[in-house]
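Chain residues, written in single-letter form:
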Amino acid sequence: MNWSEFFHMGGYAFHVWTSWALSMLSLLVILIVAKRSNAKIKSELLRQYKREDRQAQQSSAVD
Amino acid sequence: MISGAYLGLFQAPADYQQGDSFRIIYVHVPAAWLSLMVYVIMAVAAAIGMIWRMKMAFVVAICSAPLGAVFTALALITGAIWGKPIWGTWWTWDARLTSELILFFLYFGVMATYHAFDDRKTAEKAMAMLCIVGVVIVPIIHYSVEWWSSLHQGATIFAEGGPRMPADMLTPLLLMIGGFMFFYGYALFITCQTMVLKNERKSRWVREVISRNHSR
C-alpha cells in the first residue's frame, strides 16, 4: 500500500479522516485545558500564599 | 507511561491491509466503551463517597463527568460519520443510538446538578445520587443491540464464543481502547489534582506542597 492509497481509504477518506481527526483533536483539547487550569490554580495559590505571608510579616512588624 | 499508550495509538492504523470505512472503529469503539466505563466509575465513586463519606470519591466522580461527556460525544459523532456511508443516514432513533444520547445528557445533568448548588457538600450529594440512579442506562446501552432489533451491529468483542474479529484487526482495537483508558486516567489525575487544590486551598498541606514545589 502506498501513501496515496492510504490517504484515499478506499473511497472513505472523508469519513475515516474526519472521525480520526475529531477524536484526536478532542483528546488534545481536553489535555490542554486540563493542564492549563492545573497550572493556573497552582500559580494562583502561590500568589495568594505569598501575599498572605507578606501581610503576616507586616502586621507582626507593626506589633 | 502515556507515551507507551500513544505508541499504540499511532502504531495501530499502520498495520492493516484494507483501507476502508471500518477504520472508524478504532476511534468509535474505544470512545463508546470509555463512555460506559467512565459512567460506571462515576457511579462507583459516588457510592463510595456516599457510604464512606470520602471526599476524594466525589472529586473523582465530578471530574469524570466532562471526560465521559466528551467520550460519549465522540462515540455519537464518529458513529454518525460511520453511519452515513454504511447505513445511508447520519442518525436514526434506534435503541443503541437513543440510549447513548440519553447517556450524553446524563453527563450534562450530573455537571449541572453539581454546579447548581452553592454549598459543596449538598452539590456533591445531589450529584452522587444522580450518578448512582443513572447507572441503569449502562446495561441498557450494552444490551440494546440484543433486546431491540437495531441497525447497529451486535457486539464484536464480547460476543458469544469469543471475539468476532481476526487478530490483526482486534489487536490494534484493544491497543486503542487501552490508550483511551490511559488517556482517561491521566486526564482524570490532572483534573482531580486541580479540583482538590481548589477545594482545599485553605488547608495547611496544600500551602506546604505549593510553596515547597515552587522553591525547588
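The following paragraphs examine the structure supplied in this document. All of these numbers come straight from a predicted model, not from anything done at the bench. (Residues numbered from 1 in each chain as written. Chains lettered and ligands numbered in written order. Predicted model: local features only at pLDDT ≥ 70, side-chain atom pairs only at ≥ 80, totals over all residues. Heavy atoms only, no water.)

The subject of this paragraph is the overall build of chain B. Helix and strand content of chain B: eight helices and zero strands. Going from the N terminus to the C terminus, chain B shows its helices and strands as α-α-α-α-α-α-α-α. Taken over 216 residues, chain B has a buried fraction of 49%. Here the contacts in chain B between residues at least 6 apart in sequence split such that 74% fall between residues at least 24 apart. Taken as a whole, chain B presents about 10,900 Å² of accessible surface, with 67% of it coming from carbon and sulfur. (Helix = DSSP H or I, 4+ residues; strand = E, 2+ residues; numbered from the N terminus. Buried < 20%, exposed > 50% of the residue type's maximum accessible area, 1.4 Å probe, protein only. Contact = heavy atoms within 4.5 Å. Areas by Shrake-Rupley, 256 points an atom, 1.4 Å probe, with all protein chains shown as cover.)

Turning to the environment of L197 of chain B, a few remarks are in order. If you trace the backbone, L197 of chain B turns up in helix α7 (residues 167-199). The sequence separation of L197 of chain B and I210 of chain B amounts to 13 residues, and the corresponding C-alpha distance is 9.2 Å. Dropping the residues within four chain positions of it, L197 of chain B is found in contact with I41, K42 and L45 of chain A together with V206 and I210 of chain B.

Residues and elements named next belong to chain B. Counted according to the given criterion, the structure contains four aromatic pairs over all chains. Seen from their ring centres, F71 and F180 are 5.9 Å apart, and the 40 degrees between their planes marks the pair as tilted. In this pair, F71 is assigned in helix α3 (residues 55-87) and F180 in helix α7, connecting sequence segments 109 residues apart. Each ring, one from F104 and one from F105, has its centre 5.9 Å from the other, and the planes form 55 degrees; the classification is tilted. Taking the relative accessible area as the measure of exposure, F104 reaches 18% and is therefore buried. Since its relative accessible area comes to 53%, F105 is described here as exposed. (Phe/Tyr/Trp six-rings, centres within 6.5 Å; stacked < 30°, edge-to-face > 60°.)

This part is about the packing of helix α2 (residues 25-52) of chain B against helix α4 (residues 95-116) of chain B. All names here are of chain B. α4 packs onto α2 with a crossing angle of 40 degrees between their chain directions and a minimal axis gap of 11 Å. By the angle class used here, α2 and α4 are oblique. When the axes of α2 and α4 are compared, the crossing they make is left-handed. Here A32, S35, L36, V38, Y39 and M42 of α2 come into contact with α4, specifically with E100, L103, L106, Y107 and V110. Of the residues in the contact of α2 with α4, the class split is nine nonpolar, one polar and one charged. (Axes fitted to C-alpha atoms, helices over the stretch in contact; angles between N-to-C directions. Parallel < 35°, antiparallel > 145°, perpendicular 65-115°, else oblique. Left-handed = near helix turned anticlockwise from the far one by under 90°. Nonpolar A, V, L, I, M, F, W, Y, C, P; charged D, E, K, R; others polar.)

Generally speaking, soluble globular proteins have nonpolar side chains that are buried together. Y39, M42, F71, Y107, M127 and F180 of chain B are the most contacted members of the largest nonpolar core, which has 59 residues in total. Elements supplying a minimum of two residues to this core: α2 (13-62) of chain A together with α2, α3, α4, α5 (120-134), α6 (137-147) and α7 of chain B. In terms of residue count, the dominant contributor to this core is α3 of chain B (16 residues). Every residue in contact with Y39 of chain B, bar those within four places of it in the chain, is listed here: L103, L106, Y107, V110, L130, C131, G134, V135 and V138 of chain B. In terms of nonpolar packing, the next biggest core, distinct from the first, is built from seven residues, L45 and Y49 of chain A together with L197 and I210 of chain B among them. (Core = buried A, V, L, I, M, F, W, Y, C linked by side-chain atoms within 4.5 Å.)

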